[in-house]
Amino acid sequence: MRWISQVDVKSDLQEDLVREGLTAREGSTAEDLEQLNELMRVRRAKLAKLRESGIDPFGERFERTHLIADVLENFESLESQEDGKVVIAGRLVAMRGHGKATFADVLDVSGRIQIYAKIDVLGEDSYRLFSDLDIGDIIGVRGKVFKTRRGEITIAVEEFKLLTKSLRPLPEKWHGLKDVDLRYRQRYLDLIVNPGVRKVFIQRTKIIRAIREFLDARGFLEVETSAMHPIAGGAAARPFITHHNALDIDLYLRIAIELYLKRLIVGGFEKVYEIGRVFRNEGISTRHNPEFTMLELYQAYADYTDMMKLCEDMIYHVSVTTLGTTKVPFRNFGLADGAPRDDSAPAGAAAVAPGDAPGGTLGRTFGLGVGPAQGPGAPGAGLGGDEPGGAGSERVIDLTPPWPRITMVEAVKGALGVDFNEIRDDAEARDVVRGLGIEVAGDARWGNCLFALYEERVEPALIQPTFVVDYPVDVSPLAKKKKDDPRLTYRFELIIGGREIANAFSELNDPLDQRERFLQQLAQREAGDEEAHMMDEDFLTALEYGMPPTGGLGIGVDRLVMLLTDSSSIRDVILFPTMRPR
RNA sequence: GGGCCAUUAGCUCAGUAGGUAGAGCACCGGACUUUUAAUCCGGGUGUCCGGGGUUCGAAUCCCCGAUGGCUCACCA
């Protein structure tokens with residue numbers, strides 16, 4: 001291009017030049033150019049200049065000798081070697097020019113390091129190219145490590161290579177990207193400029209890996225069942241519907257994994273698990289994303305007590321291997337502030353006094369907070385607000401097993417003084433619950449009432465890990481009934497931080513009983529409950545062939561990650577949360 | 001879906017008796033060879049979320065809409 005040859009490399013960047021360069025080189029239309037702001041125009045101009053001088057702004061593979069973290073860790077030995085040159089690559093995230101020398105910071109997956117370029121080392125041309133780099137550019141650097149006067153480990157640049165030109169300015173270096181909307185929509189920016197975010201997602205991966213290690217070591221077989229179901233079963237939720245053209249049938253995205261894993265137990269796999277995405281067509285909140293990750297596992301010849309032990313051991317294993325401790329700060333989790341993670345103020349687990357020792361008595365467990373939570377205005381005021389320390393106070397959750405176990409009836413009685421064992425019929429149960437200000441349907445049964453009361457008034461106050469056992473059959477259509485009380489099932493949920501973390505039961509393997517439960521659910525469906533279970537004849541057929549007595553456990557992986565990373569929103573632990581398109 | 005709040009430069013944010021938009025960072029030009037939120041000098045780069053309305057005049061007041069946050073409902 002003639003015009004570029006007329007340009008003195010040192011001359012100012014002329015806007016009209018940029019326009020020409022863009023139309024000629026990038027194929028952009030004039031309309032596109034109007035969209036570009038000054039900052040982007042400048043970068044496009046630099047891009048054109050680079051191309052003109054024979055430099056590929058979007059380069060090729062690059063051989064590194066070290067990750068940045070390796071350089072930092074091995075500084076002593078690298079510095080002492082006469083020819084201890086390192087080659088690193090990464091994104092330029094800061095530049096501090098000093099005339100004939102320039103400091104810059106480079107970020108790779110492992111960390112961040114300072115580099116130092118001097119004109120008398122690089123030569124004039126090369127140094128000018130270096131000075132023309134922009135924050136956001138991706139470069140490779142070769143040089144010797146040293147320490148500056150201020151003691152910062154630095155690479156003295158001997159050679160560098162532009163690997164990718166960045167055409168847009170990054171968010172501000174000090175405040176980072178705070179706009180939560182942009183953080184989720186442009187997660188890549190969030191990851192570049194908010195260092196705590198990357199840590200959370202690395203932690204998430206470690207947590208899931210630890211779960212796999214734990215289960216694999218115990219002989220569980222990881223399987224993958226289908227995610228498109230002809231019948232959406234295994235949970236009470238509205239499904240997403242999709243359509244298969246060739247078969248001309250509607251299919252549901254799965255709302256649970258349960259019924260297919262149980263089919264596998266029928267088929268003779270005795271220990272199976274799946275970690276996978278499930279989909280529920282429901283609202284979005286700090287605790288809910290339409291697609292989320294479930295762990296479900298099933299073990300033949302076991303029951304819910306085995307699941308309790310397994311659950312305890314697994315979460316203990318996960319916390320110790322990923323956090324190195326069983327004491328997790330309870331600050332954001334449960335406090336809905338939605339603020340981005342502040343990496344400069346890491347959760348100071350060490351600084352937090354363990355207010356409550358683990359394994360407290362039932363009385364103590366329920367003693368805290370339940371009182372204030374009872375006021376008609378208090379429910380839903382936020383979990384933190386239920387605590388004696390008040391909203392936002394730092395607390396510690398201790399995951400050291402064993403964890404207290406309490407029946408739901410006891411829990412409600414202990415917290416509210418209402419003894420459901422004394423309540424004999426559904427109408428009385430409805431009256432009692434309504435008397436406490438909780439709405440229940442006109443046909444709500446004893447178990448629905450017990451559950452509603454528990455969920456509304458008791459569960460939010462269960463901060464330390466607690467197994468709540470013996471769920472009512474009315475809300476547990478897939479769990480085995482208790483022999484000594486058919487109104488209840490062999491089911492528990494694990495509550496931590498006022499939230500359900502796990503749900504488990506002795507699986508119902510009586511096909512006749514299961515059919516009854518489905519029919520009961522169908523009746524609720526008829527009555528307008530869109531979330532009631534559907535009849536699954538094929539599943540019943542499987543049960544009729546015989547499923548061994550089985551214990552099953554489900555864990556909401558995202559919520560477990562929230563707990564272990566002290567995250568206040570599920571969107572902070574899901575890389576690309578569901579958003580309305582712009 | 002309901003309620004409350006927010007939306008101003010690339011980013012983080014100021015901006016009321018309604019008078020034609022501002023700071024820091026980033027960016028551009030200049031100085032500067034161990035700085036580190038580098039510093040110093042000069043430069044404001046904008047669809048004030050969108051659309052109506054009131055007004056001589058709207059970022060500001062009113063209405064409608066969009067998106068997001070929190071919250072309620074539902075769930076895990």
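The model shown is predicted, which means the values in this text are computed figures rather than measured ones. (Residues numbered from 1 in each chain as written. Chains lettered and ligands numbered in written order. Predicted model: local features only at pLDDT ≥ 70, side-chain atom pairs only at ≥ 80, totals over all residues. Heavy atoms only, no water.)

J.: Can you explain the packing of aromatic side chains? Please cite residues and give values.
T.: Inspection of the entire model under this criterion finds 11 aromatic pairs. Measuring from centroid to centroid gives 5.1 Å for Phe130 and Phe160, while their planes differ by 85 degrees, and the two rings are edge-to-face. With a gap of 30 residues between them, Phe130 in helix α8 (residues 124-131) and Phe160 in strand β5 (residues 153-164) connect regions that are remote in the sequence. The pair formed by Phe130 and Phe160 is uniform in burial state, with each residue classed as buried. (Phe/Tyr/Trp six-rings, centres within 6.5 Å; stacked < 30°, edge-to-face > 60°. Helix = DSSP H or I, 4+ residues; strand = E, 2+ residues; numbered from the N terminus. Buried < 20%, exposed > 50% of the residue type's maximum accessible area, 1.4 Å probe, protein only.)

J.: Describe in detail the protein's contact with RNA strand B, supporting the description with residues and values.
T.: Among the 55 residues in the neighbourhood of RNA strand B, the closest are listed as Gln114, Lys173, His288, Arg559 and Arg571. The share of sugar and phosphate among atoms of RNA strand B within 4 Å of the protein is 58%. A distance of 3.2 Å separates a sugar or linking oxygen of RNA strand B from a polar backbone atom of Glu172. Mapped by element, the contributors of at least two residues to the surface near RNA strand B are α4 (38-52), β1 (85-97), β2 (101-107), β3 (112-118), α7 (119-122) and α9 (180-185). Considering every element that reaches the surface near RNA strand B, the biggest residue donor is α9, with 4 residues. (Near = heavy atom within 4 Å. Polar contact = N/O pair within 3.5 Å; in protein donor to acceptor, adjacent residues only side chain to side chain.)

J.: Tell me what's going on with the sheet that holds strand β11 (residues 291-300), and back it up with residues and numbers.
T.: Strands sit in the order β6-β10-β11-β18-β17-β16-β15-β14 across an open sheet of 8 strands; the sheet is mixed. Since the sheet does not close on itself, it has two edges, and those belong to β6 (221-222) and β14 (405-407), each with one partner. Pairing analysis gives 2 bridges linking β6 to strand β10 (residues 271-279), with the strands arranged parallel. The residue of β10 that forms the bridge with Leu221 is Val272. Contacting β11, β14, β15 (466-469), β16 (491-496), β17 (499-506) and β18 (550-556), helix α13 (residues 304-323) runs over the sheet at an angle of about 35 degrees to β18. Set on the sheet, helix α16 (residues 408-416) makes contact with β14 and β15; between it and β14 the angle comes to about 85 degrees. (Pairing = 2+ DSSP bridges. Contact = heavy atoms within 4.5 Å. Axes fitted to C-alpha atoms, helices over the stretch in contact; angles between N-to-C directions.)

J.: Hey, could you go over the sheet that holds strand β9 (residues 249-253) for me, with residue numbers and the actual values?
T.: Taken in spatial order, the 3 strands line up as β7-β9-β8 in an open sheet, and their pairing is antiparallel. Looking along the sheet, the strands with just one partner apiece sit at the ends: β7 (228-229) and β8 (241-244). Here 2 bridges tie β7 to β9, and the two strands are oriented antiparallel to one another. Its bridge partner lying in β9, Met228 is registered against Leu253.

J.: A description of the nonpolar core should follow, citing residues and the corresponding values.
T.: Within the largest apolar cluster, 47 residues are counted, with the highest numbers of intra-cluster contacts made by Met314 and Leu553. Ranked by the residues each element gives to this core, the list is headed by α13, at 8 residues. Not counting the four nearest positions on each side in its chain, Leu553 is found in contact with Leu295, Glu296, Leu297, Met307, Cys311, Met314, Phe492, Ala502, Asn503 and Ala504. Met408, Leu416, Ala429 and Cys449 belong to the second largest nonpolar core, which has 28 residues in total. (Core = buried A, V, L, I, M, F, W, Y, C linked by side-chain atoms within 4.5 Å.)

J.: With reference to specific residues and values, describe the side chain of Asp105.
T.: In this structure, Asp105 sits in strand β2. Of note is the side chain of Asp105, whose polar atom sits 3.1 Å from the side chain of Arg96. Here the side chain of Asp105 touches Arg112 through a polar contact of 3.2 Å, side chain to side chain. Leaving out residues up to four positions away in the same chain, Asp105 has contacts with Arg91, Leu92, Val93, Ala94, Arg96, Arg112, Ile113 and Gln114.

J.: I'd like a description of the pattern of salt bridges, backed by residues and values.
T.: Applying the stated criterion across every chain yields a total of 39 salt bridges. Note that Asp125 and Arg128 form a salt bridge whose closest N and O atoms lie 3.7 Å from each other. In this pair, Asp125 and Arg128 both sit in helix α8, 3 residues apart, roughly one turn of the helix. Take Asp125: its relative accessible area is 55%, and that puts it in the exposed class. For Arg263, the salt bridge identified is with Asp536, shortest N-O distance 3.2 Å. Within this pair, whereas Arg263 is found in helix α12 (residues 258-266), its partner Asp536 is found in the loop between α19 (511-526) and α20 (537-545), the two being separated by 273 residues in sequence. (Salt bridge = Lys/Arg side-chain N within 4 Å of Asp/Glu carboxyl O.)

J.: Account for unusual backbone geometry, naming residues and giving values.
T.: A cis amide bond links Pro401 to the next residue, Pro402, at an omega of 0 degrees. Here Pro402 lies in the loop between β13 (395-398) and β14.

J.: Can you tell me about the packing of α12 against α20, naming the residues and giving the values?
T.: Running from N to C, α12 and α20 point in directions that differ by 25 degrees, and their axes come no closer than 9 Å. As the angle between them shows, α12 and α20 are arranged roughly parallel. α20 is crossed by α12, and the crossing has left-handed handedness. Between α12 and α20, the residues in contact are Leu259, Lys262, Arg263 and Val266 and Asp538, Phe539, Ala542 and Tyr545, respectively. Residues that form the contact of α12 with α20 fall into these classes: 5 nonpolar, no polar and 3 charged. (Parallel < 35°, antiparallel > 145°, perpendicular 65-115°, else oblique. Left-handed = near helix turned anticlockwise from the far one by under 90°. Nonpolar A, V, L, I, M, F, W, Y, C, P; charged D, E, K, R; others polar.)

J.: Which residues make up the pairing of β3, and what are the values?
T.: Burial analysis of β3 places 5 of its 7 residues in the buried class, the great majority of the element. The pairing of β2 with β3 spans 7 bridges and is antiparallel. If you follow Ala101 over to β3, its bridge partner there is Lys118. Adjacent in sequence and paired antiparallel, β2 and β3 are bridged by 4 residues.

J.: Describe α19, naming the residues involved and giving the relevant values.
T.: Compared with an ideal rise of 1.5 Å per residue, which puts 16 residues at 22 Å, α19 spans 22 Å between its outermost C-alpha atoms and is within 8% of the ideal. Tucked inside the fold, the buried residues of α19 contact α20. (Expected span 1.5 Å × (residues − 1).)

J.: Break down α13 for me, with residues and values.
T.: Relative to the 28 Å expected for 20 residues at 1.5 Å per residue, α13 spans 27 Å between its end C-alpha atoms, a close match to the ideal helical length. Taken as a whole, α13 has its buried residues at Tyr304, Met307, Met308, Leu310, Cys311, Glu312, Met314, Ile315, Val318, Ser319 and Thr322. Once α13 ends, the next one or two residues include Gly324, with phi positive near 75 degrees.

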